Amino acid sequence: MKKITIAALLIGAVALSACSNNRFNGAGDDAASAAGMAGSASDPNSPAYFNQTIGDRVLFAVDQSTLSTEAEAVLTQQATWLGNNPAYSAIIEGHADEQGTREYNVALGARRASAVQGFLIERGVAPNRLKTVSYGKERPLAICSEESCYAQNRRAVTVLAAGAGT
Amino acid sequence: MKLKKLLALGLALLAPSLAPLTATAQDGGPLRIEITEGVIEPLPFAVPTFQAETGSAAPYADEITRVIAADLSGTGLFREIPSSAFVSNVTNFAAPVQFADWKAINSQALITGAVAENGGQITVKFRVYDVFSGTELGQGLQYTGTVDGIRRIAHQVADTVYSRITGESGYFDSRVIYVSESGPKNARRKRLAIMDYDGANVKYLTDSESLVLAPRFSKDGSRVLYTSYETGQPQIYVLDVASANRQSLGTGGGNMAFSPRFSPDGTSIIFSLEQGGNSDIYRMGVNGGAPQQLTNSPAIETAPSFSPDGSRIVFESDRSGTQQLYVMSASGGEAQRISFGPGRYGTPVWSPRGDLVAFTKQNAGRFHIGVMRTDGSEERLLTASFLDEGPTWSPNGRVIMFTRESQGEAGAPALYSVDISGRNLRRVPTPDGGSDPSWGPLQN
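Every residue gets a number counted from 1 within its own chain, in the order that chain's sequence is written. Key to labels: chains lettered from A, ligands numbered from 1, both in the order written. A pLDDT threshold of at least 70 governs which residues receive local features in this predicted model, and a stricter bar of 80 or more applies before side-chain atom pairs are shown or counted, although totals over entire chains, interfaces and linings include all residues. To obtain the side-chain values, all non-hydrogen atoms of the structure were included, while hydrogens and water were left out.

Going by what an unreviewed UniProt entry lists, chain B is known as Tol-Pal system protein TolB and is assigned to Maritimibacter dapengensis. UniProt positions are given in the numbering used here, feature names are shortened, and annotations may be inferred rather than shown by experiment. Under the UniProt heading Sequence similarities (unreviewed entry), the entry covering chain B gives this text: "Belongs to the TolB family."

Looking at an unreviewed UniProt entry, one finds chain A named Peptidoglycan-associated lipoprotein and attributed to Maritimibacter dapengensis. Quoted verbatim from the Sequence similarities (unreviewed entry) heading of the UniProt record, the comment on chain A is "Belongs to the Pal lipoprotein family." Looking at the Function (unreviewed entry) heading of the UniProt record, one finds this comment for chain A: "Part of the Tol-Pal system, which plays a role in outer membrane invagination during cell division and is important for maintaining outer membrane integrity."

Below, the structure is given as C-alpha cells:
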C-alpha cells in the first residue's frame, strides 16, 4: 500500500502540473505508466477519461467548501466512474488560493477535500477507497495574483491510484 | 539628562500606552505622559574599533566592532556616529576616556573594547560610558569564545550594551528557524533552515524532498516542532536542533495534524488535528499518549499559542463565520473572543512578556501584522502589504519577525522584522526565499 500511495502522489504531481512546465514532469510520467495509468480519453473506463472527459477537479468560491451545482455534476460522474472501475482508489487533494494564512488554508483545503469525499461516498463509493489530504495554499496551479488564477487554485482534485483501497 | 532616562523616553514614545517598558519609564511617569506622537531621534553612540591586544587580533577586533554597531543601529533606537566624525580615538582601552571629545560630536554613549586572540581563543573586554554625565554604565566585562564564534561574542557584547542603556534584555545573541524556499511558485521546494537573528550563519536542517511548514522553537531553543508531508499527509515532527535528528510524534493517526507549538515547559504540544474535514485543537505529551481535545466545534480551529505562564491558549477560529481570535484555558472549555475589528484575524502568538498578542489581519484585500492586548483592546496594525503573515516575537518582546510575500507570478517570500511600535521595518537577509520564522531564546 505504501508504494501505491507514493505512486498516487506522484501522479497527483503530474495532474497538477499538467498545464505548467515544471521539473516534476519527468519523474511523474514514469510513475504514471508504472501504475498503469495509460489509456485513451475515448475509453470511458480509462483514467484519462476520468481526468479529462469527466474532469478530475471541482472548484470552490472564496473561503467556501460548499459544492456548487456544477461541482456536483462532475462528482456524480466521478462516482459512476469509480463504481465501474473498482480496481482504482483515489486521494482527494484539497487546495486553497494564496489569500489566506497558511494554517487556515490547510484547514480550509481539508474541508474542501472532505466535502468531495462525502459526496462521492453518498453516491456509493466505498469509504475505504477514498483518502483526503490538504495542501492549503502550498501547491497553486495558476500563479498570478488575480482572481482568474485564484479561482483555479481553490480546488479539490480527485487523484486516481491503482488499487482497490484499504 | 541622563542617558538611560533619555532612551527610556524614546522607548516610551515607541510604544505609547502599550507595555511598561523599563523601570525608568515606569518610575519616570512625567516622561511618558502627554506625548503620544513624536519624532523618534535614535540615540547617537560611538564605538571606536576595538583595540587589538595581540598581533593576530586586528581582523577579529574589526569584525566584532562592526557586528556590535550593526546590532545597535539595527534596533532603530541607536544611531552610530561614523569614525570619520571622531575628534580623537581610543588608543588604549585602560586609559581614562576623554569625555569632552565625545561630547563635542554629541555621542551620548561610548563603547570601548579590546580583543585578544590566543590559539584560536578570542577574549573581548569592553566598557560602556554615558558621555554627558561622564560615568561608566555598569562595570567592564569580558567575554571569551572561539574564532568561529566571534559573531556570537559580538552579539553578547551588544546585548549587554543594549540592556545597560535600555534596562531591557536584548535579542542579538539569538537564532531564528525558518522555511527556506526556492523554485517557482507552482513547484516550491521548502526546507528547514536555522540562522542567527540577523541572517548570518544559515544552516539547513532538512532536505527539500518533502513539503515542510511552520517550524516552532521550544522555549529553551533546543527542539523544533514542524509539519512535514513526508508520509503524504501533514504530520507533526520534532527535531533536535543540535543533532538535526527528527522523529514523528505520531499525532495524527490517519488524519492530518498541523500547526504545532510547545507548552512553555516543553513537556506537551498543542496542535490542530483534522477529522472528517473539521480541524480542532488538541494537546498531547511530547512523548506521546492520547491527544486531549481542547476545542469541539464544526468550525476551523487552528494556530494555537500558549501564554508564557502556560495557563491559557490563544487561537483562531471561524466559528463566528470569519477567522477571529479567541482565548481559552489551557485545559480547553469556554473561549473568549478577543478580536472585533473589521476583517479576519489569524495566527495569534502570545508575547514573551505576556502582555500582547501578535496576529495576522486580512482586511480590504491587504494583510497586516498587528498587536493587541490579550483582552483584545488597543489593537495596532504594524505593517501593510499584499501578503504579511506569521508573526514571531523577539526574546524580549520588542520586535516581531514575519513572512512577507510579494505579488504576482514571480512572487516570493522573504523575512521581515518590525518594532512593536510599527517602526524600523527591515528585511532580514536570507540566501533564498524565507517564510514562517520562529525566533528562539537568547542563547547566553
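1. Describing the overall build of chain A
Numbering of helices and strands starts at the N terminus; helices are DSSP runs of H or I of at least 4 residues and strands are runs of E of at least 2. When helices and strands are tallied, chain A shows six helices and four strands. Ordered by position from N to C terminus, the α and β elements of chain A give α-α-α-β-α-β-α-β-α-β. Considering chain A as a whole, with its 166 residues, one finds that 54% of them fall into the buried category. Note on areas: Shrake-Rupley, 1.4 Å probe, and residue coverage restricted to the protein chains presented here. Entry remark: accessible area of chain A is about 6700 Å², with carbon and sulfur atoms responsible for 56%. Summary of the burial criterion: residues with accessible area below 20% of their type's maximum are buried, those above 50% are exposed, and those between are partly exposed, where the area comes from a 1.4 Å probe applied to protein chains only.

2. Overview of the nonpolar core
Most often, soluble globular proteins keep nonpolar side chains buried together rather than apart. Formed by 42 residues in total, the largest nonpolar core has its most connected members in Phe50, Ile64 and Leu72 of chain B. No other element matches helix 6 (residues 150-166) of chain B, which puts eight residues into this core. Residue ranges assigned to each domain were obtained from an automatic or database domain assignment. Formed jointly, this core draws a minimum of three residues from each of two domains, domain 1 (42-166) and domain 2 (174-442) of chain B. Setting aside residues up to four positions removed in sequence, Leu72 of chain B forms contacts with Phe45, Phe78, Ile111, Ala158, Val161, Tyr162 and Phe172 of chain B. The set of buried Ala, Val, Leu, Ile, Met, Phe, Trp, Tyr and Cys residues whose side-chain atoms join them within 4.5 Å is what this entry labels a nonpolar core. Grouped together as the second largest cluster of nonpolar side chains are 22 residues, Phe60, Trp81, Leu82 and Phe119 of chain A included. It only takes one pair of heavy atoms within 4.5 Å for two residues to be counted as in contact.

3. Topic: the sheet that holds strand 25 (residues 366-373) of chain B
Residue and element names in this part refer to chain B. At least two DSSP bridges between two strands are needed for those strands to be called paired. Judged by pairing direction, the sheet is antiparallel, and its four strands sit side by side in the order 23-24-25-26 without closing on themselves. Whereas interior strands pair on both sides, the edge strands pair on one side only; in this sheet they are strand 23 (344-350) and strand 26 (380-381). Pairing between strand 23 and strand 24 (residues 356-363): five bridges, direction antiparallel. The residue of strand 24 that forms the bridge with Tyr345 is Lys361.

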